[in-house]
Structures are given as structure tokens and as C-alpha cells.
Amino acid sequence: MTDIKSMTMEELTHTLREMGQPAFRGGQVFTWLHRGVTSFEEMSDLPRALREQLAQTFHITAPTVARKQESRLDGTVKYLWELADGNCIETVLMQYHHGNTVCISSQVGCRMGCAFCASTIAGKVRDLTPSEMLDQVLFTQLDSGREISNIVLMGIGEPLDNMDTVLRFLTLVNHPKGLNIGMRHISLSTCGVIPGIRRLAELQLQLTLSVSLHAPDSETRSRIMPVNRAYDVEELFAACHDYFQKTGRRISFEYAMIDGVNDHDWQADLIARRIAGMPGHVNLIPLNDVVESPFKPSRRTAAFQKRLQSHGVTATVRRSLGGDIDASCGQLRRKAMEEGRNLQ
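The structure displayed is predicted, hence computed values, not measured ones. Residue positions are counted from 1 within each chain, in the order its sequence is given. In keeping with the predicted nature of the model, local features appear solely for residues at pLDDT of at least 70, side-chain atom pairs appear and are counted solely at 80 or more, and the whole-chain, interface and lining totals rest on all residues. Derived side-chain values reflect all non-hydrogen atoms in the structure, with water molecules and hydrogen atoms excluded from consideration.

Caption draft 1: Here's a closer look at helix α2 (residues 24-33). With respect to burial, α2 is a largely interior element, 8 of its 10 residues being buried. Packed against the buried residues of α2 are α1 (9-18), α3 (48-57), α4 (130-144) and α5 (163-174). Residue burial is assigned from relative accessible area. The probe radius is 1.4 Å, only protein chains are included, and a residue is buried under 20% of its type maximum, exposed over 50%, and partly exposed in between. Helix and strand definitions here come from DSSP, where helices need a minimum of 4 consecutive H or I residues and strands a minimum of 2 consecutive E residues; each element is numbered from the N-terminal end. Residue contacts are counted whenever heavy atoms from the two residues lie within 4.5 Å of one another.

Caption draft 2: Broad picture of the packing of aromatic side chains. Classification of ring pairs uses Phe, Tyr and Trp, with its six-membered ring standing for Trp, and accepts pairs whose centres are within 6.5 Å; under 30 degrees between planes counts as stacked, over 60 as edge-to-face, and the remaining range as tilted. Here the structure, examined in full by the defined rule, presents 3 aromatic pairs. A centroid spacing of 5.9 Å and a plane angle of 35 degrees characterise the contact between F237 and F253, whose relative ring orientation is tilted. Placement of F237 in helix α9 (residues 233-247) and of F253 in strand β12 (residues 252-257) is noted, with a sequence separation of 16 residues between them. Each member of the pair F237 and F253 is classed as buried. Between Y255 and F304, the aromatic rings sit 5.3 Å apart at their centres with planes inclined by 20 degrees, giving stacked as the arrangement. Of this pair, Y255 sits in strand β12 while F304 is found in helix α11 (residues 301-310), placing the two residues 49 residues apart along the sequence.

Caption draft 3: Here's a closer look at α1. Taken residue by residue, α1 has M9, L12, T13 and L16 as its buried positions. Down the axis, α1 shows its buried residues gathered within 100 degrees of arc, on one side only. For α1, the exposed residues set more than 90 degrees away from the buried face come down to E10 and E18. Close packing links the buried residues of α1 with α2 and α3. With its phi angle positive at about 90 degrees, G20 sits one or two positions after the end of α1. Read the arc as the range of directions from the helix axis to the C-beta atoms.

Caption draft 4: Representation of unusual backbone geometry in the model. In this structure, Q204 takes a positive phi of about 60 degrees despite not being glycine. Here Q204 is to be found in the loop between α6 (194-203) and β11 (208-212). For H214, which is not a glycine, the phi torsion comes out positive at approximately 65 degrees. Mapping H214 onto the fold places it in the loop between β11 and α7 (218-224). Residue H214 is classed as buried on the basis of its relative accessible area, which comes to 6%.

Caption draft 5: The arrangement of the pattern of salt bridges in detail. The rule for a salt bridge is simple: a side-chain nitrogen of Lys or Arg has to be within 4 Å of a carboxyl oxygen of Asp or Glu. Scanning all chains against the criterion turns up 21 salt bridges. For R126, the salt bridge is made with E132, and the minimal N-O distance between the two is 3.0 Å. In this structure, a network of salt bridges that share partners links the residues R111, K124, D127 and D161.

Caption draft 6: View of the layout of surface pockets. Using only the protein atoms, space was sampled on a 1 Å grid; points where a 1.4 Å probe fits but cannot get out form cavities, open sets with protein on both sides within 12 Å along at least five of seven lines form pockets, and lining residues are those with an atom within 4 Å of a point. Grid points are joined across faces, edges and corners, and a volume is the space filled by probe spheres set on the points. In this structure, the second largest pocket occupies an estimated 160 Å³ of space. In terms of lining residues, the second largest pocket is bounded by 15 residues, among which T61, A62, L83, A84 and E132 are the most central. Its residues assigned to classes, the lining of the second largest pocket shows 7 nonpolar, 5 polar and 3 charged. Residue classes follow a fixed rule: Ala, Val, Leu, Ile, Met, Phe, Trp, Tyr, Cys and Pro count as nonpolar, while Asp, Glu, Lys and Arg count as charged, and any other residue, Gly among them, counts as polar.

Caption draft 7: Representation of the side chain of R221 in the model. Here R221 is to be found in helix α7. Positive charges come from Lys and Arg alone, negative charges from Asp and Glu alone, with His and the N- and C-terminal ends not counted. Of the side chains bearing the opposite charge, D232 lies closest to the buried R221, which forms no salt bridge; the N-O distance is 7.5 Å. Here a polar contact means two N or O atoms within 3.5 Å. Within protein one must be a hydrogen donor candidate and the other an acceptor candidate, and residues neighboring in sequence count only if both atoms are side-chain atoms. Here the side chain of R221 touches N228 through a polar contact of 3.2 Å, side chain to side chain. Discounting residues that sit within four places of it in the chain, R221 has contacts with C191, S212, L213, A215, V227, N228, Y231, V233 and L236.

Caption draft 8: Representation of the packing of helix α10 (residues 265-275) against α11 in the model. Fitting a line to C-alpha atoms yields each axis, with helices limited to the stretch in contact; the angle taken between N-to-C directions then spans 0 to 180 degrees. In contact at an axis separation of 9 Å, α10 and α11 are set at 35 degrees when each is read in the N-to-C sense. Helix-helix and strand crossings are classified by hand; for α10 and α11 the assignment is right-handed. Along the contact surface, α10 presents D265, Q267, A268, D269 and I271, while α11 presents F304, R307 and L308. Partitioned by chemical class, the residues of the contact of α10 with α11 number 4 nonpolar, 1 polar and 3 charged. When the near helix sits turned anticlockwise from the far one by under a right angle, the crossing is termed left-handed; a clockwise turn instead gives a right-handed crossing.

Caption draft 9: Fine view of the nonpolar core. In these notes, a set of buried Ala, Val, Leu, Ile, Met, Phe, Trp, Tyr and Cys residues joined through side-chain atoms within 4.5 Å is what counts as a nonpolar core. I151, F169, F253 and V282 are the most contacted members of the largest nonpolar core, which totals 76 residues. Sort the elements by how many residues they give to this core and α9 lands first, with 7 residues. Setting aside residues no more than four positions away along its own chain, I151 makes contact with V102, I104, V137, F169, V173, I181, H185, I186 and S187. Core analysis: the next-biggest nonpolar cluster, separate from the first, contains 18 residues, L12, L33, F40 and L54 among them.

Take a look at the structure:
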């Protein structure tokens, strides 16, 4: 059966017209799907015969809450969603002064192998579908009762390793008859998949590109991020400069501070030299302790920030949220797997 929620408005309209229905039925079905209905019976303004016909041809995705944690410190909510095939993904809802932000996953697991990340420990299982990405936004909003205003593609998985799905998701979530979340309210994070960055530059999307840098030199970056062996950091910076030249949009560089690995003054100096000429922003991230990782949080975050700022680089330290729950990426899924649940 066809995944109807992964269809665009235009595809739905065309399909329904082929079924002998008027064009406006496509808009009706699209709106119902993006309200979070889980069956065609709930589409009350559709003729019963049409609802029955749709149910014979299509299915509607809907995840279930496998686990849910809510921080008593700041209201951050962490969801472990179970998908139809038993696989699980994570979504985090965060409250900021500018609204509610949801951090969503793009894959079940991840094959990028970053040494400090819990998401990649079991490897990649499969790509998510556009509907499974959309469901994270939709059902987080419905379950929490909080309206989502911003989306970050920074959960489990590498978005540019599942790019066609991500682009379709962006079309769906941006549509005025759906959740209508504008591109300027969406951030996409990549560990440095250069062909994807170049494709985004050509598409001229108005989203914010975040690059998980974590080291400005090839030796260190290859040690902690295997992707650097395929796409070297010098090539990455070149692609970032090209991206800025084509789009005019500032790039955010994510930088997890690892004690004695990437927190030296010379590395801050190198970052400044390599982003010179474009308005980059460096977001310093206090490292989360991952049991399987030998890396520990840096004790030089403030000094590193000051060093960057001395070169005129905009550098901030990410505010830690959900400190009393498993808010960091991959941890809740990993715990569920360790406890022997039938969760992939």
C-alpha cells in the first residue's frame, strides 16, 4: 500500500483526479493528513465511498510513543518513537524565548561513525521516509500541546545521506495547507557531505545550514569523524565558501569541545583563518559523556571561545538543555537497546 502522507499536494490532487474526484479533494486530504489523523474514517468531509477507496489503496503512518522523558529543569521533552516496523527514532522538543524547537531524526541509526556520538554506535539501519520525518514534528506537537515554530534536522542520522527524502519533507512541512513552517525557521545539520552541500547551494533554499566541524585540521578530524577521509576538511571549507557565495546565507559551524583533542589555541586560530571571508558562526558544544567513547568534555571551552573572538569570529556556547534526562542524541535509543527491548 502506498504511503499517502509522503505525497505532495500536487501528487495527491493528480491521484484523486485520476480516481474521478474533483481537484479540491487533494487539498482536503492533504490538510487532514497534516492535522494528524490516523485513519481515513476521520476525514469527515469526504464521501464515505471515497474514504473506503482510499483505505484500500493507501496507508497513513503514525508512530507510537515507546518512551518519553520530560526535564524538570527546563521543560525539554525527549521522545523515543516506535515506527511501524519496530524500529525506533528520537525527537527532542526544546523551549526557547523565540518559540518551540523540535530536533528530528532523518535515519534509523547512522553510518557516519563520529567517535563521540551515541547515534552511530549500532550503525545505520535504514533511511526514514518523508512521512516519518513529518510525523516527528506533527505528533510531537499533538502529544505535547505545544505549537512547533522551528525545526532542526540534527537528530539521529545524516540528513544529506538521505537527501531526496529530506527535500520532500521540507516541501511538505513548508506547505501553507500543512504545518506551514517557513524555511527560515528550519536548520539542517551535516557532518560534511560535500555533494549534498553543493546541491543545497544550487537549490537556493532559505534554510540555515549547520556544519558539524568538530576539528579544523585533517588529522584530528579524521580521527574523530571518519567522513573526513571521504570529504577532507579543506574541501569542506571550500564548499562552505562556495555555498555562501551562491546563497549569501551564513553558515553555523557546530563544534563539540573534546578535552585535549580539538580544544587547542592553534585550532581556534585555524578555524578563524579558514572561515575568513564569510560570516560564519561557531557554536561551541559542551560534550556529552558517551559510555562507549574515550573522549571527555573540554575544560577549555571559555578560553577557546575567547581565542576565536579575538580573531573577530562570532562564537557562542550552546546552552545545555535537558540535563536531567537523556536529551543528547542517541542516548535514549541506546538505553532501550541495552535493556533488551525489541527496538532496532
